[in-house]
Each structure stands twice: as structure tokens, then as C-alpha cells.
Amino acid sequence: MGKIFFILGKSCSGKDTIFNIIKENKDLDLKTVVGYSTRPMRENEEDGREYFFVSRDRLEELQNDGKVIEVRHYNTVHGVWSYFTVDDGQIDLENADYLYIGTLESYEQMRDYYGQDVVVPIFVEVEQGERLKRAVLRELEQTEPKYEELCRRFLADEQDFREEEIKRLGIEKKYQNVNLEECVDEIIEDIKSNK
């Protein structure tokens, strides 16, 4: 039985960068799963790479068909954006191990769907000031920066990632992303020992 190594952490903690480095590690041979979202594509994103970008109507169709494994809804300053995982054949635990990225909420739902012995949390942390600085720098790269949404996400993460929630879900280890290379090396070693 394969495992799903689930990278999670607050926005701008470096989880996307870590995810991309680990997925390129040929020794680990981890497959990836593309999630779905109803939010608009950002510049430099591609449909089917970061997410499958779909309409709210398509999300409802998939839910009605019983295909949605987990879903999260965010009331943003631009309306409700949903992120979700679909049972669309991408995950075959009989033949592979996987790398996935998400939130505490999505981790819990995926763990409940596949089992605690299958879904392994990799929780990435960064000091708050550094995380805020990274968020601003990322937004500055956009043609039309959305600073209100940046602030909403930053504050929402403080609520969503409360320490009691992390403990309730049994997540004991946290990877400190102070030095990216050291953080990635530690995660890779732990993945190898869990396969």
C-alpha cells in the first residue's frame, strides 16, 4: 500500500517551493496529484499544472457524482473560491506513493478518506514576519496585486492553523523553513524512512 506525503503549512511558508523540489527528486519516485480550484488562474499558472481551474457549476456536478474527496471554501474579497480534490483516477495507492499539498482542513479530510496510516503530514513553518514579507514580495510580482486578499489570507491562516488544531490532528513534527536546503534534506530523509 502506497503513502500520500502531505505537505501543509500557512501561506508563504515555502510549501510550494518545497513541494516542487521534492517532486523532482527521482530517488523518491513520488507521483503528484493535481487539485481543482474555482479561483481565477494567476499569471504564470497553467490549467492542469497548479490546479484544474473549473467553474462552480463543475464543482457541483462532481459533488453530485460523489467524486469530491475533500473541499475547502474561502470567502475572499473577490467572492467564494473553492479548492478540492477529486477521485478522478490520479491516485493509485496499489502502485505508487504520492506527494500532495494542502491545508489542515484538506489534510484531515484526505486522512479520513484514505486512512491515517496512508496520509503522512509534512508541516512546514516560517516565522510570521518572514512569511508576511514573502507574501508581499509574491504579490508585487502580479500585474494587479491583490493586497486585500493577501491580508485576508494571512489573518485567516492564524485562525485555521491554531496550535490546538495541529495537536488535535496528531501532527507532532514541524519542519522549520529557515534554511530551504536543510529543510528539504530533512523532509527527504523522513520520506525515505516512511516509505
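These remarks concern the structure in this document.

Helix and strand counts for the protein chain stand at seven helices and nine strands. In terms of C-alpha radius of gyration, the protein chain reaches 16 Å, essentially the compact-globule figure of 16 Å for 195 residues. Principal-axis analysis of the C-alpha atoms gives the protein chain an extent of 45 × 45 × 35 Å. Classification of the 195 residues of the protein chain by burial places 45% in the buried group. Within the protein chain, contacts between residues separated by at least 24 positions form 69% of all contacts whose residues are at least 6 apart in sequence. When the accessible area of the protein chain is evaluated, it comes to approximately 10,700 Å², of which 46% is carbon and sulfur surface. When the 28 basic and 44 acidic side-chain charges of the protein chain are each reduced to a single mean position, those positions are 1 Å apart.

Looking now at the pairing of strand β1 (residues 4-8). Successive residues of a regular strand alternate their side chains across the two faces of the sheet. Burial analysis of β1 places five of its five residues in the buried class, the great majority of the element. Residues of β1 alternate between two faces, with I4, F6 and L8 on one and F5 and I7 on the opposite face, all of them buried. Here five bridges tie β1 to strand β8 (residues 119-125), and the two strands are oriented parallel to one another. If you follow L8 over to β8, its bridge partner there is F123.

Turning to the packing of helix α1 (residues 15-23) against helix α7 (residues 180-194), a few remarks are in order. Between α1 and α7, the shortest axis-to-axis distance is 11 Å and the interhelical angle comes to 55 degrees. The angle between the axes of α1 and α7 places the two elements in the oblique class. In terms of crossing hand, the pair formed by α1 and α7 is right-handed. Where α1 abuts α7, its residues T17, I18, I21 and I22 lie against L180, C183, V184, I187, I188 and I191. Here the contact of α1 with α7 is composed, by residue class, of nine nonpolar, one polar and no charged.

This part covers the packing of aromatic side chains. Between two aromatic rings, the relevant description is the distance of the centres plus the angle of the planes. All told, the structure shown has nine aromatic pairs when counted by the stated rule. On the basis of an interplanar angle of 40 degrees and a centroid distance of 5.3 Å, the ring pair of F6 and Y100 is categorised as tilted. Highlighted residues: F6 in strand β1 and Y100 in strand β7 (residues 97-102), separated in sequence by 94 residues. With a relative accessible area of 0%, F6 lands in the buried category. The interplanar angle of 65 degrees and the centroid separation of 5.6 Å between the aromatic rings of F6 and Y107 together place this pair among those described as edge-to-face. Of the two residues, F6 sits in strand β1 while Y107 sits in helix α3 (residues 104-114), which places them 101 residues apart along the sequence. Ring pairing ties together the aromatic residues Y51, F53, Y74 and Y83, which thus form one cluster.

Looking at the element boundaries, E45 is found in the loop between β3 (35-37) and β4 (51-53). Engagement of the side chain of E45 in a polar contact is seen with the side chain of R39, the distance being 2.8 Å. Among the polar contacts made by the side chain of E45, one reaches the main-chain amide nitrogen of R42 at a distance of 2.6 Å. Setting aside residues no more than four positions away along its own chain, E45 makes contact with R39, P40, E50 and F53.

What counts and how
Residues numbered from 1 in each chain as written. Predicted model: local features only at pLDDT ≥ 70, side-chain atom pairs only at ≥ 80, totals over all residues. Heavy atoms only, no water. Helix = DSSP H or I, 4+ residues; strand = E, 2+ residues; numbered from the N terminus. Rg over C-alpha atoms; globule rule 2.2 N^0.38 Å. Buried < 20%, exposed > 50% of the residue type's maximum accessible area, 1.4 Å probe, protein only. Contact = heavy atoms within 4.5 Å. Areas by Shrake-Rupley, 256 points an atom, 1.4 Å probe, with all protein chains shown as cover. Lys, Arg positive; Asp, Glu negative; His and termini not counted. Charge placed at Lys NZ, Arg CZ, Asp CG, Glu CD. Pairing = 2+ DSSP bridges. Axes fitted to C-alpha atoms, helices over the stretch in contact; angles between N-to-C directions. Parallel < 35°, antiparallel > 145°, perpendicular 65-115°, else oblique. Left-handed = near helix turned anticlockwise from the far one by under 90°. Nonpolar A, V, L, I, M, F, W, Y, C, P; charged D, E, K, R; others polar. Phe/Tyr/Trp six-rings, centres within 6.5 Å; stacked < 30°, edge-to-face > 60°. Polar contact = N/O pair within 3.5 Å; in protein donor to acceptor, adjacent residues only side chain to side chain.

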